[in-house]
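Chain by chain, the residues:
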Amino acid sequence: MPRSFLALAALVTLAPAVDAQVFLENTTAIPQDAPANNSNSEEVEFSDVDLDGDWDAGFADGGDYFNDQNRLWINQGGLQTGASGTFVDETATRFPTVNDASRDLDFADIDDDGDPDAYIANHAGIVNQTSKFWINTGGEQAGTLGYFVDETASRWVGLGGPGSSIAPTLVLPGGGFIDWSADGDFADLDNDGDLDLIHTSYGGAFGGQVPTRLFLNDGDGYFTEFNPSGFQLASVNIATGDPALWADGVQLNNTTDTTGVEADITTNGTDAEVYDIDGDLDLDLLLGAVNGPPRFFGNKLQETGSLGFRDVTAVVLPLDDISPNGKYEVEVGDLDGDRDIDIIGINWGQGPFGYNEGVYELVGTSYTYLGDLPNSWSDDEEGELLDFDNDGDLDVFIANFSGIDRLYENGDSGPVFGLVEVPAAEAGLASSPGVSRDADAADVDGDGDLDLFVTLGTPGSKNRFFENLTQVPDSTPPRVFGGEDLGDAPAAPGVRSIRVAVLDNAPQLVTAAATVEFTVRVDGVTIAAAPAKWSGGQVFRAEVPANLVGPVTLLPRAIDEGGNQGFGTEVSYQASGSAGTSFGASTPSSAGTPKLRALSVPFPGEDLWLGVSDLESASAGFFGLGTQAVPGGLALGDGLVLNVLGSFLVLPALAYPNGDALFVAPIPPGLPSGVQFHAQYVALGGTLGATFASSAGLTLTIP
């Protein structure tokens, strides 16, 4: 239940451990003229659009007021060879020339070519229009990185057709469909390695009767609606009793059912969050609601083996402790360092003046209301979780729709995670009121601390850049945990996917850009580092070869923007299959007799991995592959024994410092089953003065 007002008011008197001014508004490093910085900007999003190592900024403009051009400011560091943290408006050359009523701009690599594309969430309150896909012309497009083309017409697939819930009358001739969206989020909902789309809708006039829809990515950035019900709406709204499209059951507004009989997939929310609430590494879905209760949906992929969602709002969210009105935003992150996702609900709270920021702790798989942020009694619009002082925990910035923006420091303990407001003079935020609509944090100037961009939401107003003055570098390593249990399996062609959770003291978009990988070892030999891609929320996904054979271990690690490195717990499994047959003779090295074995099964079209151990550290040698086996070995003296002859391939290999050596090469596709070839390893560094050490031979057979 809500804490008393007196207890919360007492928090206002607590003083955070901030010794000097945190932020300073910097007006010289960003555009100040029209049209670069004088619109109604609903949202800002950082991304490195040209992959030059610094953060650029995109803005969703127009919003409530009019159709306008979305804007792109390019950081002048990196490829621009200027000062990092200084921005120039390059919209005219880099963005499509389109005026629309945009409430959100998201960057995501939707076509999986390594560069960020853009998705623009638009609304049809001014004129009928759709949300748009703008594709980065680098990568697969073979153009210039950081320049975008409008491919909306082709990226939506099957709208209004069989399997689509969208009425054909809503489909626009130029692609897309009529809707009222304030947020588009990307996440790999079905765990197939690409980013799917959560397309929210608040409905006409914020009516909240238009469903949120899910669209699955085909792997190349083309999106088809996920609608297992097969039901198509007759018009815009979904009616009571209609199938709930992508969720179990039938539609019923504000249902409290959690058995799958009913679901409510309509809210008038302007925000959604995607993350794993229950530790199964499937991505669950929180839908905000301006009026009425927010909704929570559990992903059933791990449970059932196929993508599906169930409305579990009533058992996850404390609905009696969430305000019914005015809830424009929700921020999620690990505020107490216990490796799960807590909530700051903007205007969710239950304080005496309304419009309070509610704080909710995840306990197990449901949320408990802790109370409200102190002094959060005005109409706020947006929040941002960031570690402004780089002390290892997430602090909170609040963008105020009707007053002064605020900053809260995380004190690690106390009624609401010890969050205490930083006095305005120390925070260094704007002293004059403004209609702040959104905020994003990133280290835009490369000095190690997180800066802030804040958008202003009235025509003619200027977006703000608050430079962090603390100059404290981040020294907190990412937390890596929850590696997926793959289970034992036979070797096979293709790949196996594995997921892991990563949390850090940074905004989600910064953590999503971290380097995450699994070190892959087979029978003790390190064969590769498998890169992991961000899947959404706190989840990353990697793929490892499925043809590995023997004991396999996968060690996850994450390296954040500051170079801090965190490790998770090693995951292991046994991969069964033929590792080849040894034959012939061997001679020892000073470290032992070289042990050659197959680390993978040689399926056609897959990589073959061979490993050898017990070599002298960093010694030179070679792998030999041939078509003829010498069963007893051919001793040539000085420790050299040849076990392989015939058509012969020699590949030099240097031993690792630990005395292992590795061979990898692709097996040609189309080789028939039963074809055999033979391998061995010869190293410098034999015993008793011998020049060479030789492994036994190994016969490998194409399965």
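In this text, all values refer to a predicted model and were calculated from it rather than measured experimentally.

## With respect to the confidence of the model for the chain
Detailed reading of the predicted coordinates is not advisable wherever pLDDT falls low. For the chain, mean pLDDT is 94; residues scoring 70 or higher make up 96% of the total. Confidence over residues 1–16 falls short of pLDDT 50; this stretch has 26 contacts with residues more than four positions distant or in other chains.

## Brief notes about the environment of Ala-529
Residue position: Ala-529 is located in strand E38 (residues 525–536). Taking the relative accessible area as the measure of exposure, Ala-529 reaches 44% and is therefore partly exposed. Residues Ala-529 and Leu-319 lie 210 residues apart in sequence; the distance between their C-alpha atoms is 45 Å. Those residues in contact with Ala-529, other than ones at most four positions away along the chain, are Glu-517, Phe-518 and Thr-519.

## Quick look at the environment of Leu-651
Mapped onto the secondary structure, Leu-651 falls in strand E47 (residues 640–654). On the basis of relative accessible area, Leu-651 is assigned to the partly exposed category, the value being 27%. The contacts of Leu-651, once residues within four sequence positions are left out, are Gly-621, Phe-622, Phe-623 and Phe-663.

## Looking at the packing of aromatic side chains
Scanning the model with the defined rule gives 26 aromatic pairs in all. Lying across the ring of Tyr-147, Arg-94 places its NZ or CZ 4.4 Å from the centre. When the ring centre of Tyr-222 is taken as origin, the NZ or CZ atom of Arg-155, which lies over that ring, is 4.2 Å away.

## Thoughts on the pairing of strand E26 (residues 366–372)
Burial within E26 is extensive, with five of its seven residues counted as buried. With antiparallel pairing between neighbouring strands as the criterion, strand E25 (residues 358–363) and E26 make up a hairpin whose turn holds two residues, including Gly-364 at a positive phi of roughly 70°.

## Brief notes about the domain arrangement of the chain
Structurally, the chain comprises domain 1 (479–576) and domain 2 (581–702). Inter-centroid distance (C-alpha atoms) of domain 1 to domain 2 is 29 Å. Taken together, the contact pairs 15 residues of domain 1 with 14 residues of domain 2. Contact between domain 1 and domain 2 buries roughly 1200 Å² in total, counting both sides, with carbon and sulfur atoms accounting for 61%. Linking domain 1 with domain 2 are one salt bridge. Applying the counting criterion to the domain 1 and domain 2 interface returns five residue pairs in polar contact (both at pLDDT 80 or more).

## Examining the sheet that holds strand E31 (residues 436–442)
In spatial order, the strands read E1-E33-E32-E31; together these four strands make up an open sheet with antiparallel pairing. Each of the sheet's edge strands pairs with one partner strand only, and the pair in question is strand E1 (23–25) and E31. When the angles between neighbouring strand axes are averaged without regard to direction, this sheet yields 25°. Relative to strand E32 (residues 451–456), E31 is paired through six bridges, and the arrangement is antiparallel. From the neighbouring strand, Ala-442 faces E32, where its bridge partner is Asp-451.

## Description of the sheet that holds strand E12 (residues 156–157)
Judged by pairing direction, the sheet is mixed, and its five strands sit side by side in the order E12-E16-E15-E14-E13 without closing on themselves. The open sheet has two edge strands with one neighbour each: E12 and strand E13 (184–187). Sheet topology note: the E12/strand E16 (residues 223–225) ladder contains two bridges and is parallel. Across the sheet, the residue bridging to Trp-156 is Phe-223, located in E16.

## Regarding the nonpolar core
Of all hydrophobic cores here, the largest spans 43 residues; its most connected members are Leu-189, Trp-246, Tyr-275, Leu-285, Phe-297, Ile-343 and Tyr-367. Those residues in contact with Leu-189, other than ones at most four positions away along the chain, are Asp-196, Ile-198, Leu-214, Val-274, Leu-283, Asn-299, Leu-301, Leu-307 and Phe-309. One finds Leu-486, Val-502, Ile-527 and Trp-609 within the second-largest nonpolar core, a separate group that totals 27 residues.

## Observations regarding a nonpolar patch on the surface
A contiguous nonpolar patch, built from Leu-634, Leu-636 and Leu-645 and spanning about 240 Å² of accessible area, is present on the exposed surface. Here Leu-636 lies in strand E46 (residues 620–637). Note on Leu-636: relative accessible area 48%, which makes it partly exposed.

## Considerations on the pattern of salt bridges
Scanning the entire structure with this criterion turns up 23 salt bridges. The residue Glu-357 makes a salt bridge to Arg-406 at a minimum N-O spacing of 2.8 Å. Linking Glu-357 in the loop between strand E24 (342–346) and E25 with Arg-406 in strand E29 (residues 406–410), this pair joins segments that are 49 residues apart in sequence. Through salt bridges with shared partners, one network takes in Glu-42, Asp-64, Arg-103, Glu-381 and Arg-437.

## A word on unusual backbone geometry
In this model, Ala-34 is joined to Pro-35 through a cis peptide bond whose omega is 5°. Here Pro-35 is to be found in the loop between E1 and strand E2 (41–47). Here Leu-245, not a glycine, exhibits a phi torsion of approximately 55°, which is positive. Structurally, Leu-245 is set in the loop between E16 and strand E17 (250–251). You can call Leu-245 buried: its relative accessible area is 1%.

## A closer look at the side chain of Asp-445
Assignment of secondary structure puts Asp-445 in the loop between E31 and E32. Buried and unpaired, Asp-445 has no salt bridge, with Arg-464 as the nearest side chain of opposite charge at 17 Å. In this structure, Asp-445 is in contact with Ser-84, Gly-85, Asp-451 and Glu-467, ignoring residues within four places of it in sequence.

## A look at the pairing of strand E39 (residues 539–545)
Looking along a regular strand, one sees the side chains alternate between the two faces of the sheet. With five of seven residues buried, E39 is to be regarded as a mostly interior element. Bridge analysis of strand E36 (residues 495–503) against E39 gives seven bridges, and the strand direction is antiparallel. Looking at the pairing, Val-495 lines up with Pro-545 of E39. Linking E38 to E39, which pair antiparallel, is a turn of two residues; within it Gly-537 sits at a positive phi near 55°.

## Quick look at the environment of Ala-598
Its location among the elements puts Ala-598 in strand E44 (residues 595–598). Sequence separation between Ala-598 and Glu-151 is 447 residues, and the spatial gap between their C-alpha atoms is 47 Å. Discounting residues that sit within four places of it in the chain, Ala-598 has contacts with Val-549, Ala-579, Trp-609, Leu-610, Leu-698 and Leu-700.

## Observations concerning the side chain of Ser-201
Tracing the sequence through the fold places Ser-201 in the loop between strand E14 (196–199) and strand E15 (213–217). On the basis of relative accessible area, Ser-201 is assigned to the buried category, the value being 0%. A distance of 2.6 Å separates polar atoms of two side chains, one belonging to Ser-201 and the other to Asp-179. A polar contact of 3.3 Å, which involves the side chain of Ser-201, links it to the backbone nitrogen of Gly-203. Once you skip the residues sitting within four places of it in the chain, Ser-201 turns out to touch Asp-179, Trp-180, Ser-181, Val-210, Pro-211, Thr-212 and Thr-267.

Basis of the calculations
Residues numbered from 1 in each chain as written. Predicted model: local features only at pLDDT ≥ 70, side-chain atom pairs only at ≥ 80, totals over all residues. Heavy atoms only, no water. pLDDT = per-residue confidence, 0-100. Contact = heavy atoms within 4.5 Å. Helix = DSSP H or I, 4+ residues; strand = E, 2+ residues; numbered from the N terminus. Buried < 20%, exposed > 50% of the residue type's maximum accessible area, 1.4 Å probe, protein only. Phe/Tyr/Trp six-rings, centres within 6.5 Å; stacked < 30°, edge-to-face > 60°. Lys NZ or Arg CZ within 6 Å of the ring centre and 35° of its normal. Pairing = 2+ DSSP bridges. Domains from an automatic or database assignment. Buried area = accessible area lost by both parts, 1.4 Å probe. Salt bridge = Lys/Arg side-chain N within 4 Å of Asp/Glu carboxyl O. Polar contact = N/O pair within 3.5 Å; in protein donor to acceptor, adjacent residues only side chain to side chain. Axes fitted to C-alpha atoms, helices over the stretch in contact; angles between N-to-C directions. Core = buried A, V, L, I, M, F, W, Y, C linked by side-chain atoms within 4.5 Å. Patch = residues over 30% accessible without salt bridge, like charges linked within 9 Å, V, L, I, M, F, W, Y side chains within 5 Å. Areas by Shrake-Rupley, 256 points an atom, 1.4 Å probe, with all protein chains shown as cover. Lys, Arg positive; Asp, Glu negative; His and termini not counted.

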